[in-house]
Amino acid sequence: MSKRIALTLMGLLLASAGCNSQGARELTDLGQRLIDRITGSTAVNDALRMEDHDFPNERRIGINRLVNRWYGREAPYTTRYAQIATTDDSPLVRAAAIRALNRSRDTSAKEIYIKALSDRDAHVRLEAAKALVNMPDPAATSRLITLMRDPRENLDVRIAAAEALQHYQTLEVARSLAAMLQDRQFSVAWQARQSLIALTGTDYRYNEPAWLRHLTSERPFAA
């Protein structure tokens, strides 16, 4: 049976069960397991790929396939992702592991995300900043500000850092964001403005003096 046939069969089963019913959810899981068997993307095979000592790309593929499954976003898989995120020699594998932790919304890995903000590879720093967008931690504030400000930093990392800062209602963060409104990279300036809007509940567009005046008001932040 081909993957296309399996997908067609799953669609027919879903149509007969009703899209919002418990039966539909169970059939979806059954259909996905059927596809996994046909394609060879089983938990065992993907876990073996994740542990391939010789080929980093196999490890990366294994992680990405596992986290696409509900069981791959729970322990013991998340425990292994955390180990890989801090020990693997390949930056792309470390980045994939942090991305998997982010997709799993693993808040127990916040220290890993913060430490990864200082990784030597931009891919890892980017995934760490993205994780902190979803799982903020005040301990990340200083490093996020540094990344956002650095014109030599990877652009995507700077943007993700600016986005992550939307969670911290402090004058230091707000003023740092306001200072980015005239940044030479408009995408950084745009994201800084969005984060200021999220922090304050108001919008002075790219008028840095107006933002700074607002931050001296009695209640500069949104309730």
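Calculation criteria
Residues numbered from 1 in each chain as written. Predicted model: local features only at pLDDT ≥ 70, side-chain atom pairs only at ≥ 80, totals over all residues. Heavy atoms only, no water. Phe/Tyr/Trp six-rings, centres within 6.5 Å; stacked < 30°, edge-to-face > 60°. Helix = DSSP H or I, 4+ residues; strand = E, 2+ residues; numbered from the N terminus. Buried < 20%, exposed > 50% of the residue type's maximum accessible area, 1.4 Å probe, protein only. Contact = heavy atoms within 4.5 Å. Expected span 1.5 Å × (residues − 1).

A. Layout of the packing of aromatic side chains. Enumeration over the complete set of coordinates arrives at four aromatic pairs. The interplanar angle of 45° and the centroid separation of 5.6 Å between the aromatic rings of Phe186 and Tyr206 together place this pair among those described as tilted. Of this pair, Phe186 sits in helix 12 (residues 186-200) while Tyr206 sits in the loop between helix 12 and helix 13 (208-215); the two residues are 20 residues apart in sequence, bridging distant segments of the chain. Taking 5.2 Å as the distance between ring centres and 80° as the angle between the ring planes, the aromatic pair formed by Tyr204 and Trp211 counts as edge-to-face. Its relative accessible area of 31% is what places Tyr204 among the partly exposed residues. Through successive ring pairs, a cluster of aromatic residues spans Trp70, Tyr71 and Tyr77.

B. Inspection of the environment of Pro91 at higher detail. Within the secondary structure layout, Pro91 lies in helix 6 (residues 91-103). For the pair Pro91 and Asp121, spaced 30 residues apart in sequence, the C-alpha to C-alpha distance is 6.3 Å. If we skip the residues at most four places from it in the chain, Pro91 touches Asp121 and Val124.

C. How the structure looks around unusual backbone geometry. Cis geometry marks the peptide bond from Ala75 to Pro76, where omega comes out at 5°. Notably, Arg205 is not glycine yet its phi reads approximately 50°, a positive angle. Relative to the helices and strands, Arg205 is located in the loop between helix 12 and helix 13.

D. Focus on helix 6. The end-to-end C-alpha distance of helix 6, which contains 13 residues, comes to 18 Å, matching closely the 18 Å that a straight helix rising 1.5 Å per residue would cover. Within helix 6, the full set of buried residues consists of Val93, Arg94, Ala95, Ala96, Ala97, Ile98, Ala100, Leu101 and Asn102. A positive phi of about 50° marks Arg105, the residue just after helix 6.

Functional significance is not addressed by these values, which are geometric in nature.
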